Amino acid sequence: MLVLREAHLAKIAAYFASCKGKEGAGYLACRAGRIASDPWTGGAATRFLAREFCPVPPDAIVSASATHVTWQTDSFVHALGRAQGSNETVALIHSHPGGFDCFSAQDDRNERDLVDLAQRRLGHQAELISLVRLPDSRLFGRVWLSPKESLPLDLTVALGQRFALHFPGRGRGGTPEFFNRQALALGPAFNEDLAQLRVGIVGCGGTGSAMALLLGRLGIRFLRLFVRDTVGETKFNLLY
């Protein structure tokens with residue numbers, strides 16, 4: 001999962017708008033949080049937190065059009081140097097002005113070379129995040145573990161005055177009939193967004209137990225209940 005602030009997205013949007021229909025590219029410096037045992041899956045997990053966005057300098061761009069962008073790798077090497085000094089991970093972000101909503105064969109070739117360069121400079125454990133922004137503001141991405149292996153980003157979250165979720169297939173799923181009213185009022189993707197959320201409830205007394213039931217009825221699929229209490233006759237009506 002990758003988390004960005006709304007301010008990052010505003011800078012990214014402004015930069016790509018300045019490219020005037022041509023592809024652009026830039027870097028996000030990200031901090032990685034490693035979790036040995038995720039409370040939802042029980043397995044290891046990684047959360048990336050974006051810290052800063054820097055576009056590729058204009059004088060480093062070799063050529064650009066609506067379907068490609070190439071640039072000198074000096075700026076990438078500089079981004080790697082800053083990441084090494086700050087114990088960060090580099091995320092490459094570029095645009096697809098035509099709306100092509102998957103990685104191209106050229107993206108694959110270029111990114112394999114870049115992750116190879118990153119691992120030769122930073123060690124074989126270095127990762128490379130790749131993001132693509134579409135004209136309608138959608139984001140999709142992947143994480144390169146090596147030049148031969150990449151994993152899709154299961155979720156990208158933008159936080160600010162509003163929350164925005166980006167994940168594969170968003171807006172393409174069907175809405176269960178019993179959630180049709182929510183879809184009519186708030187859009188078809190609303191129910192899909194709720195289904196992606198992980199909600200933890202600390203305390204399942206009178207308030208927490210009611211909250212858990214209502215969240216389930218709203219469409220939250222993943223609930224974790226945290227209770228440090230003992231069961232007694234006065235608590236049988238609660239959610240234990």
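Above this text you will find the structure in question.
Residues numbered from 1 in each chain as written. Predicted model: local features only at pLDDT ≥ 70, side-chain atom pairs only at ≥ 80, totals over all residues. Heavy atoms only, no water.

Draft legend 1. Structural context of the environment of Q119. Here Q119 is to be found in helix α3 (residues 105-122). Relative accessible area serves as the criterion here: at 14%, Q119 is assigned to the buried category. Along the chain, Q119 and L4 lie 115 residues apart, while their C-alpha atoms are 24 Å from each other. Beyond its immediate sequence surroundings of up to four residues, Q119 is in contact with H124, A126, L145, S146 and P147. Among the polar contacts made by the side chain of Q119, one reaches the main-chain carbonyl oxygen of H124 at a distance of 3.2 Å. (Helix = DSSP H or I, 4+ residues; strand = E, 2+ residues; numbered from the N terminus. Buried < 20%, exposed > 50% of the residue type's maximum accessible area, 1.4 Å probe, protein only. Contact = heavy atoms within 4.5 Å. Polar contact = N/O pair within 3.5 Å; in protein donor to acceptor, adjacent residues only side chain to side chain.)

Draft legend 2. Structural view of the environment of A164. Examined against the element boundaries, A164 turns out to sit in strand β11 (residues 164-166). For the pair A164 and Q84, spaced 80 residues apart in sequence, the C-alpha separation works out to 30 Å. With residues near it in sequence (within four places) discarded, A164 still touches T156, V157 and A158.

Draft legend 3. Looking closely at the sheet that holds strand β1 (residues 2-5). What the nine strands build is an open sheet, ordered β9-β8-β7-β6-β2-β3-β1-β10-β11; its pairing is mixed. Two strands lie at the open edges of the sheet, namely β9 (149-152) and β11, each paired on one side alone. Taken pair by pair, the neighbouring strands of this sheet meet at an average axis angle of 25 degrees, ignoring direction. Relative to strand β3 (residues 45-55), β1 is paired through two bridges, and the arrangement is parallel. The partner of L2 across the bridge, within β3, is F48. (Pairing = 2+ DSSP bridges. Axes fitted to C-alpha atoms, helices over the stretch in contact; angles between N-to-C directions.)

Read these as geometric descriptors, not functional statements.
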